[in-house]
Amino acid sequence: DAGVIQSPRHEVTEMGQEVTLRCKPISGHDYLFWYRQTMMRGLELLIYFNNNVPIDDSGMPEDRFSAKMPNASFSTLKIQPSEPRDSAVYFCASGRGSFEAFFGQGTRLTVV
Amino acid sequence: AQSVTQLGSHVSVSEGALVLLRCNYSSSVPPYLFWYVQYPNQGLQLLLKYTSAATLVKGINDFEAEFKKSETSFHLTKPSAHMSDAAEYFCAVSEGAGTYKYIFGTGTRLKVLA
């Protein structure tokens, strides 16, 4: 299995621009998670889906953040407009049954 | 509410020495507990998990952890450190037994000295 695939691996954008992060979960997994990792706040769960339905988005910081999962093999996390404080590593993870989450390699976002 | 405390943001050990990384949790329900490892520029990889079965849990690369309810601890150990163990280690508790909503600790960076 190829594992959880995230793209792009690195993204540099200017403040105010829209940013879209993409994730392909492991085939057959019915849970998908978006995490953000920063030095100050550590790993934070932003949102998670079960069977493509958002279950808990209480970690989404503001309305500028949105996430979608149009099908079982694809999810996006969008930030519009982006701000420098959004700079972080964003991880997607997926899981099924055993409550073990499998993480992608992350997208390092820099907003200048 | 659940929470996790990892004591020591940085730990250094000599190659071949015992590795001990500390994790204490609080949980109002029987917890599921996890240790993940993160190598530089990589995602997190599961080392081991406790899900209310045996209290001594063995994971990959000779790591193990013991669930001690009386101490609310889930410390990670490895008998003999290897250079390749240098990484950041995260303890996590699920927000309810058997859910994916993890609360992660702040991480412990392990340095292995030659």
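Rules used throughout
- Residues numbered from 1 in each chain as written.
- Chains lettered and ligands numbered in written order.
- Predicted model: local features only at pLDDT ≥ 70, side-chain atom pairs only at ≥ 80, totals over all residues.
- Heavy atoms only, no water.
- Helix = DSSP H or I, 4+ residues; strand = E, 2+ residues; numbered from the N terminus.
- Rg over C-alpha atoms; globule rule 2.2 N^0.38 Å.
- Buried < 20%, exposed > 50% of the residue type's maximum accessible area, 1.4 Å probe, protein only.
- Contact = heavy atoms within 4.5 Å.
- Areas by Shrake-Rupley, 256 points an atom, 1.4 Å probe, with all protein chains shown as cover.
- Lys, Arg positive; Asp, Glu negative; His and termini not counted.
- Charge placed at Lys NZ, Arg CZ, Asp CG, Glu CD.
- Phe/Tyr/Trp six-rings, centres within 6.5 Å; stacked < 30°, edge-to-face > 60°.
- Pairing = 2+ DSSP bridges.
- Axes fitted to C-alpha atoms, helices over the stretch in contact; angles between N-to-C directions.
- Core = buried A, V, L, I, M, F, W, Y, C linked by side-chain atoms within 4.5 Å.
- Salt bridge = Lys/Arg side-chain N within 4 Å of Asp/Glu carboxyl O.
- Disulfide = S-S within 2.5 Å.
- Polar contact = N/O pair within 3.5 Å; in protein donor to acceptor, adjacent residues only side chain to side chain.
- 1 Å grid on protein atoms, 1.4 Å probe; cavity = no way out; pocket = protein on both sides within 12 Å on 5 of 7 lines; lining within 4 Å.
- Points joined across faces, edges and corners; volume = space filled by probe spheres on them.

Explain the overall build of chain B to me, using residue names and the numbers behind them.
Helix and strand counts for chain B stand at zero helices and 11 strands. Taking 2.2 N^0.38 as the reference for a compact globule, 114 residues should give roughly 13 Å; the C-alpha atoms of chain B span a radius of gyration of 13 Å, in line with that estimate. For chain B, the C-alpha atoms occupy an extent of roughly 40 × 30 × 20 Å along the three principal directions. Expressed as a percentage of the 114 residues in chain B, the buried residues total 46%. Considering only residue pairs separated by 6 or more positions, chain B has 56% of its internal contacts joining residues 24 or more positions apart. When the accessible surface of chain B is split by element, carbon and sulfur atoms take 53% of a total near 5300 Å². Considering chain B, the positive charge centre built from 9 side chains and the negative charge centre built from 8 side chains are found 4 Å apart.

Residue-level account of the packing of aromatic side chains, with values.
Tallying each qualifying case throughout the model produces 20 aromatic pairs over all chains. Considering the side-chain rings of A:Tyr31 and A:Phe33, the 6.3 Å spacing of their centres and the 10 degrees angle between planes classify their relative orientation as stacked. Ring plane angle 75 degrees and centroid distance 5.5 Å describe the contact between A:Phe103 and B:Tyr36, whose orientation is recorded as edge-to-face. Within this pair, whereas A:Phe103 is found in strand E10 (residues 102-103), its partner B:Tyr36 is found in strand E4 (residues 33-38), the two belonging to separate chains. Overall, B:Tyr36 belongs to the buried group, its relative accessible area being 0%. Within the aromatic cluster, the residues linked to one another by ring pairs are A:Tyr31, A:Phe33, A:Tyr35, A:Tyr48, A:Phe91, A:Phe103, B:Phe34, B:Tyr36, B:Phe90, B:Tyr102 and B:Phe104.

Explain the sheet that holds strand E8 (residues 73-78) of chain B to me, and be specific about the residues and the numbers.
Across a sheet, strands are paired by hydrogen bonds formed along the backbone, either parallel or antiparallel in direction. Residue and element names in this part refer to chain B. Ordered in space as E1-E3-E8-E7-E6, the five strands form an open sheet in which the pairing is antiparallel. For this open sheet the edge positions go to strand E1 (3-7) and strand E6 (56-58), each flanked by a neighbour on one side alone. The mean inter-strand angle of the sheet, taken between neighbouring strand axes irrespective of direction, is 20 degrees. With three bridges connecting them, E6 and strand E7 (residues 64-68) associate as antiparallel partners. Within E7, the residue paired with Lys58 across the bridge is Glu64.

Which residues make up the nonpolar core, and what values do they have?
Counting 26 residues, the largest nonpolar core has B:Trp35, B:Leu48, B:Phe74, B:Leu76 and B:Tyr89 as its most contacted members. Residue assignment for this core shows that the elements contributing at least two residues are strand E2 (10-14), strand E3 (19-26), E4, strand E5 (44-50), E7, E8, strand E9 (87-94) and strand E11 (108-113) of chain B.

Outline the pattern of salt bridges, supporting the account with residue identities and numerical values.
Pairing between side chains becomes possible if they bear opposite charge and their charged atoms approach one another. Enumeration over the complete set of coordinates arrives at 12 salt bridges over all chains. A salt bridge links B:Arg109 to B:Glu88; the shortest N-O distance between them is 2.9 Å. Placement of the pair is B:Arg109 in strand E11 and B:Glu88 in strand E9, with a sequence separation of 21 residues. A network of salt bridges, in which partner residues are shared, links A:Glu62, A:Arg64, A:Glu83, A:Arg85 and A:Asp86.

I'd love a proper account of the state of the cysteines, names of residues and values included.
Residues and elements named next belong to chain B. Under the definition given, this model contains two disulfides over all chains. Covalently, Cys23 is tied to Cys91 through a disulfide, its sulfur atoms 2.0 Å apart. The sign of the S-S torsion, about -65 degrees, decides the handedness of the disulfide formed by Cys23 and Cys91: left-handed. Taken together, the residues Cys23 in strand E3 and Cys91 in strand E9 connect sequence positions 68 residues apart. The burial state of Cys23 is the same as that of Cys91; both residues are buried.

So what's going on with the side chain of B:Asp85? Residues and values would help.
Residue and element names in this part refer to chain B. Relative to the helices and strands, Asp85 resides in the loop between E8 and E9. A polar atom in the side chain of Asp85 sits 2.8 Å from the backbone nitrogen of His82. Among residues more than four places away in sequence, those in contact with Asp85 are Phe63, Lys78, Ser80, Leu110 and Val112.

Can you tell me about the layout of surface pockets, naming the residues and giving the values?
The space that makes up the largest pocket amounts to roughly 680 Å³. Lining the largest pocket are 33 residues, and of these A:Gln37, A:Met39, B:Gln38, B:Glu88 and B:Arg109 sit closest to its centre. Within the residue set of the lining of the largest pocket, elements represented by two or more residues are strand E4 (31-38), strand E9 (88-95) and strand E11 (107-111) of chain A together with E9 and E11 of chain B. If you tally residues by element for the lining of the largest pocket, the top one is E11(A), at four residues.

By themselves, these observations are geometric and do not establish any function.
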